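One-letter residues, chain by chain:
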Amino acid sequence: MAAGHCDLSIFHPEDPWTLGVELEVRLIDAESMKPANRSPYLFEHLPEELRPHVHKELLQSMIEIVTPVCRSAEEAADFVMNALHTLTRIGEPEGIRLAALATHPFERKEDNLRFEDPRYEAFAQELQIVLKNFLISGLHIHVAMPNEESAIRAYNASIQYLPIFLALSANSPFHLGEDTGLQSYRSKIFERLPRAGIPEYFGSYREYCSLMDQLYATGTIESAKDVWWDVRIHQGFGTVELRVCDAFYDRDRLRLIALFYQALLHHITQFPVGRIYQQISKQNKWNAVRHGMEGDFIDGDSVLPLRQKAHDLIDQIESSGSFEALEASAEVPALHDLVERRSIARKLRQIYTESGNFHKVIEEELIH
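All figures in this text were calculated on a predicted structure; none of them were measured in a lab.

As a further point, take the pairing of strand 10 (residues 231-234). Residue alternation in strand 10 divides its side chains into two sets, Val231 and Ile233 and Arg232 and His234, and both sets are buried. Here strand 10 folds back onto strand 11 (residues 239-246) in antiparallel fashion, the turn holding four residues, of which Gly238 has a positive phi close to 70 degrees.

Here we take up the environment of Arg255. With respect to the helices and strands, the residue Arg255 is situated in helix 8 (residues 251-268). Sequence separation of Arg255 and Glu74 is 181 residues, and the distance between their C-alpha atoms is 5.6 Å. Residue contacts for Arg255: discarding those within four places in its chain leaves Ala73, Glu74, Ala77 and Glu331.

What follows deals with the packing of aromatic side chains. A complete count under the given rule lists 16 aromatic pairs for this structure. Summarising the aromatic geometry, the rings of Phe174 and Phe358 are spaced 5.1 Å apart at their centres and angled 70 degrees between planes, so their arrangement reads as edge-to-face. With Phe174 in strand 6 (residues 174-175) and Phe358 in helix 14 (residues 358-365), this residue pair connects regions lying 184 residues apart in the sequence. Overall, Phe174 belongs to the buried group, its relative accessible area being 2%. Residue Phe358 is classed as buried on the basis of its relative accessible area of 11%. Summarising the aromatic geometry, the rings of Tyr352 and Phe358 are spaced 4.2 Å apart at their centres and angled 10 degrees between planes, so their arrangement reads as stacked. A cation over a ring is seen here: Arg38 above Tyr41, with NZ or CZ 5.3 Å from the ring centre.

Further remarks concern unusual backbone geometry. Of note in the backbone geometry, Gln128 takes a positive phi value of approximately 55 degrees without being a glycine. When you line up the elements, Gln128 lands in the loop between helix 3 (118-127) and helix 4 (129-132). For Gln128, a relative accessible area of 42% translates into the label partly exposed. The phi dihedral of Glu327 falls on the positive side, at around 55 degrees, and the residue is not glycine. Along the chain, Glu327 turns up in the loop between helix 11 (322-325) and helix 12 (332-340). Residue Glu327 is classed as exposed on the basis of its relative accessible area, which comes to 77%.

Below, the discussion takes up the layout of surface pockets. Approximately 750 Å³ is the volume found for the largest pocket. In terms of lining, the largest pocket is formed by 31 residues, of which the most central are Glu24, Glu57, Glu64, Arg119 and Lys225. Of all the secondary-structure elements, those providing two or more residues to the lining of the largest pocket are strand 1 (19-29), strand 2 (54-56), strand 3 (62-66), helix 3, strand 5 (138-144), helix 6 (185-190), strand 10 and strand 11. No other element matches the four residues that helix 3 contributes to the lining of the largest pocket. In terms of residue class, the lining of the largest pocket is built from 14 nonpolar, five polar and twelve charged.

The rules behind each value
Residues numbered from 1 in each chain as written. Predicted model: local features only at pLDDT ≥ 70, side-chain atom pairs only at ≥ 80, totals over all residues. Heavy atoms only, no water. Buried < 20%, exposed > 50% of the residue type's maximum accessible area, 1.4 Å probe, protein only. Helix = DSSP H or I, 4+ residues; strand = E, 2+ residues; numbered from the N terminus. Pairing = 2+ DSSP bridges. Contact = heavy atoms within 4.5 Å. Phe/Tyr/Trp six-rings, centres within 6.5 Å; stacked < 30°, edge-to-face > 60°. Lys NZ or Arg CZ within 6 Å of the ring centre and 35° of its normal. 1 Å grid on protein atoms, 1.4 Å probe; cavity = no way out; pocket = protein on both sides within 12 Å on 5 of 7 lines; lining within 4 Å. Points joined across faces, edges and corners; volume = space filled by probe spheres on them. Nonpolar A, V, L, I, M, F, W, Y, C, P; charged D, E, K, R; others polar.

Written out as structure tokens, the structure reads:
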């Protein structure tokens, strides 16, 4: 075991590239369409096999579904959808509906109750109004890494490609009864936290660990879970964890985004990863937040459509043999189709434009 928080035994040299998915889901009152602070009811009635995989969150109107370690994106997506359907069956008789809303269109902070928990109370004392308005849901994807060198390479590369995964998952155009004009307003809310957003590049895993040691030593964090970057190396699981995505419930989109990220990390660990300026990363992320796949991507001294960058990346991953290594070559056409597909945010915006009714928007997001 290495010193401090740089334990190299966390990695998976014998069994890399497995997946885990975490999806935050909102509970909705079937009549009012406001948040339903009823997660204690769901926890009380969970079947035994789901208890390790459904976790409480800050709000009583939210739950998190956590898959077991999965061999494929297909397996992870199936687990998430089966859990959603089970929870829906439990909640429906009580008027509790589930919706993978990255932001609720018209809720207020007063609509929600927090769990009484020492960790959450400490956050509330420190973050004040920032936490009170932290009413968002996301999707996290873990990929197991073989060693520390591949982990830091995958982490650094992920920073460059965050806009692609954000654009593919964008699902938060509304907030506080208003059209934000953005594809993913959740991303901007998340960035208000002191240890969130785009992280910095590191020259080595040891350098990454050095920062973590400093955060622990100064009492800034008590756990690796207190670092909320858009991507991080999870030092409990030995994974690189993508955290930039909005929550959504579309099974096919979930399966393909998870596969895309898994294949990207398999691919990118075969090549050196160059550093790009953080301002370029921030601008590219903003372009995805604002415009989704219709945004631009700064690539060196050139600018190209983000959609084209995504297509090019899929082609590069295919050429390197990573899809084949993951036994997913047949999915390449579906990934290209996903890049061309209209975002969830644009679909929801059209529903609201045509109906003028946020209830219709939420109905589109309910789990059936």
